[in-house]
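Per-entry structural report
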2 protein chains.
Amino acid sequence: MTPSFDALQKQLKKLPGVGYRSAERMAIHLLLEKPESAHSLIDVLKQANGNVSSCPICGNICEDAECSICIDERRSESGSVCVVEQVSDLLSLEKSGAYRGSYHVLHGKLSPINGVGPSDLNFDSLMKRVEVGAISELILALPNDIEGEATCHYLTDLLEPYGVNVSRIGFGLPSGGSVLYADAVTLKSALDARQTFQ
Amino acid sequence: MTPSFDALQKQLKKLPGVGYRSAERMAIHLLLEKPESAHSLIDVLKQANGNVSSCPICGNICEDAECSICIDERRSESGSVCVVEQVSDLLSLEKSGAYRGSYHVLHGKLSPINGVGPSDLNFDSLMKRVEVGAISELILALPNDIEGEATCHYLTDLLEPYGVNVSRIGFGLPSGGSVLYADAVTLKSALDARQTFQ
């Protein structure tokens, strides 16, 4: 439409989950409908971009030397570390309230086809945590796909000499799910993960 | 998660079509995954926010005194003006290539239930265009709903004394659409809009 508008639309389109039409709508909103929200967005983006970084211990979002989870002694003293692919996975687990140990965010999964190798993932700081003996149990909460599986195998091999108890989260039918609507791979996972019923 | 992160997420959530989870994904993308894209976004947003404004003639996006469509004499000389609700509607029509006159963007539609009255819409500059005799034909390309209908009636009454030829775009089955999958209201529009087949 105009050069500045097009530049903004192009930049918004780079955000995850935003397509051409959504970017157009957002740009119109920011420039014509609510110009004051463009200022607010610039302000919070600047501030967050200056303040927020990746936690050097676990890779979570943090504004201080360590993230709010690593700084909590009750959580790190448990010795239990849950390995996740992305920060958003960590946030989901936190919201569920089902886990009270600490985390390690890999920021990806091994994927040779996409050129993602071990050096691209946050393995170094995990190994440091293992070497200083801070981890007794490692729970792999990585995706139920080929890359997630490969990453789990790689980590298990890497950690074998350290005697860490490594487990992977269960797979199967989700809560409220029925066999009727489950896909074939989920059903295979669920059958493989069957347990004696008491 | 952290105060700056939460502030950014809250601000992103205000964008049209962005929910809680998308805002979270975007904030993680902007702060951890691609921090350089946060800088680019700040830059283009600043520049666009300074340059882009609403065209004083038609309400379209513009960076100069008039928008690129109003400045084009071949288009304004046609005397045909297409009235649309939003800038994005104008962009859709432009992309279709089906219309070569000029536009008028109302930035909304009459909706008493949402507190949108005539003074909230871009009617004043439309009346100015009518009064100076710049408009001979007005095509109402407003939505096929109650508010769109009400806005069409309001505009028709408003323009009656000026002898402008007012028409409304056709409604019915979309291109490629079949009667089988069309909803009841579309079918009613399509039946009402039936024309002699030659």
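What you see is a predicted model; the values in this text were computed from it and never measured.

1. Concerning the pattern of salt bridges
All names here are of chain A. This model, assessed by the stated rule, comprises 12 salt bridges over all chains. With its nearest N and O atoms 2.7 Å apart, the salt bridge here joins aspartate 145 to lysine 109. Residue aspartate 145 is found in the loop between strand 5 (137-140) and helix 7 (146-159), and its partner lysine 109 is found in the loop between strand 4 (102-105) and helix 6 (124-131); the two are separated by 36 residues along the sequence.

2. Re the packing of helix 5 (residues 87-96) of chain A against helix 2 (residues 20-33) of chain B
The interhelical angle for the contact between helix 5 of chain A and helix 2 of chain B, taken along N-to-C directions, is 135 degrees, at an axis separation of 10 Å. Looking at the two axes, helix 5 of chain A sits oblique to helix 2 of chain B. As for how helix 5 of chain A packs across helix 2 of chain B, the hand of that crossing is right-handed. The residues of helix 2 of chain B that touch helix 5 of chain A, namely those facing Val87(A), Ser88(A), Leu91(A), Ser92(A) and Lys95(A), are Tyr20(B), Arg21(B), Glu24(B), Ile28(B) and Leu32(B). In terms of residue class, the contact of helix 5 of chain A with helix 2 of chain B is made up of 5 nonpolar, 2 polar and 3 charged.

3. Let's talk about the relation of the copies chain A and chain B
Rotating chain A by 180 degrees and translating it 0.0 Å along the rotation axis places it on chain B, where the RMSD comes to 0.1 Å. The superposition operator between the copies reduces to a two-fold rotation axis. The rotation axis passes nearest to the C-alpha of Ile42(A) in chain A, at a distance of 2.8 Å. Counting the interface residues of chain A, we find that 98% of their copies in chain B are interface residues as well, pointing to one common contact surface.

4. Quick notes on the sheet that holds strand 3 (residues 80-84) of chain A
Residues and elements named next belong to chain A. With parallel pairing, 4 strands are arranged side by side in an open sheet as 4-3-5-6. Looking at strand neighbours, the two that pair on one side only are strand 4 and strand 6 (165-168), the edges of this open sheet. Ignoring which end each strand starts from, the neighbouring axes of this sheet average 25 degrees apart. Across the sheet, helix 5 is in contact with strand 3 and strand 4; its angle to strand 4 comes to roughly 160 degrees.

5. A few points about the packing of helix 1 (residues 3-13) of chain B against helix 2 of chain B
Residue and element names in this part refer to chain B. Their axes nearest at 8 Å, the elements helix 1 and helix 2 cross at an angle of 125 degrees. One element, helix 1, and the other, helix 2, form an angle in the oblique class. Handedness of the helix 1/helix 2 crossing: right-handed. For the pair formed by helix 1 and helix 2, the contact residues are Phe5, Leu8, Gln9, Leu12 and Lys13 on the first element and Tyr20, Ala23, Glu24, Met26, Ala27, Ile28, Leu30 and Leu31 on the second.

6. Things to note about the environment of Arg25(A)
Structurally, the position occupied by Arg25(A) is in helix 2 (residues 20-33). Residue Arg25(A) is classed as partly exposed on the basis of its relative accessible area of 46%. C-alpha of Arg25(A) to C-alpha of Ser175(A): the two residues are 150 residues apart in sequence and 36 Å apart in space. Excluding residues within four positions of it along the chain, Arg25(A) makes contact with Pro16(B) and Gly17(B).

7. Things to note about the interface of chain A and chain B
Every contact between the two is made by 57 residues of chain A and, on the other side, 56 residues of chain B. Contact with chain B buries area across many residues of chain A, yet Met1(A), Leu32(A) and Leu45(A) alone supply 14% of it, more than any other trio. In this assembly, chain A and chain B are joined by 2 salt bridges. A salt bridge links Lys95(B) to Glu24(A); the shortest N-O distance between them is 3.0 Å. Where chain A touches chain B, the interface holds 12 residue pairs in polar contact (both at pLDDT 80 or more). Take the side of chain A that touches chain B: its biggest share by element is 14 residues, from helix 3 (residues 35-51) of chain A. Class assignment of the residues belonging to the side of chain A that touches chain B gives a composition of 29 nonpolar, 20 polar and 8 charged.

8. Quick word on the domain arrangement of chain A
Entries for chain A in the domain assignment read domain 1 (3-51) and domain 2 (74-168). The distance between the C-alpha centroids of domain 1 of chain A and domain 2 of chain A comes to 34 Å.

9. Examining unusual backbone geometry
Residues and elements named next belong to chain A. Not every positive phi belongs to a glycine, and histidine 107 is a case in point at roughly 60 degrees. Looking at the element boundaries, histidine 107 is found in the loop between strand 4 and helix 6. By relative accessible area, which is 30% here, histidine 107 ends up partly exposed.

So, how was this worked out
- Residues numbered from 1 in each chain as written.
- Chains lettered and ligands numbered in written order.
- Predicted model: local features only at pLDDT ≥ 70, side-chain atom pairs only at ≥ 80, totals over all residues.
- Heavy atoms only, no water.
- Salt bridge = Lys/Arg side-chain N within 4 Å of Asp/Glu carboxyl O.
- Helix = DSSP H or I, 4+ residues; strand = E, 2+ residues; numbered from the N terminus.
- Axes fitted to C-alpha atoms, helices over the stretch in contact; angles between N-to-C directions.
- Parallel < 35°, antiparallel > 145°, perpendicular 65-115°, else oblique.
- Left-handed = near helix turned anticlockwise from the far one by under 90°.
- Contact = heavy atoms within 4.5 Å.
- Nonpolar A, V, L, I, M, F, W, Y, C, P; charged D, E, K, R; others polar.
- Least-squares fit on C-alpha atoms with pLDDT ≥ 70 in both.
- Pairing = 2+ DSSP bridges.
- Buried < 20%, exposed > 50% of the residue type's maximum accessible area, 1.4 Å probe, protein only.
- Buried area = accessible area lost by both parts, 1.4 Å probe.
- Polar contact = N/O pair within 3.5 Å; in protein donor to acceptor, adjacent residues only side chain to side chain.
- Domains from an automatic or database assignment.

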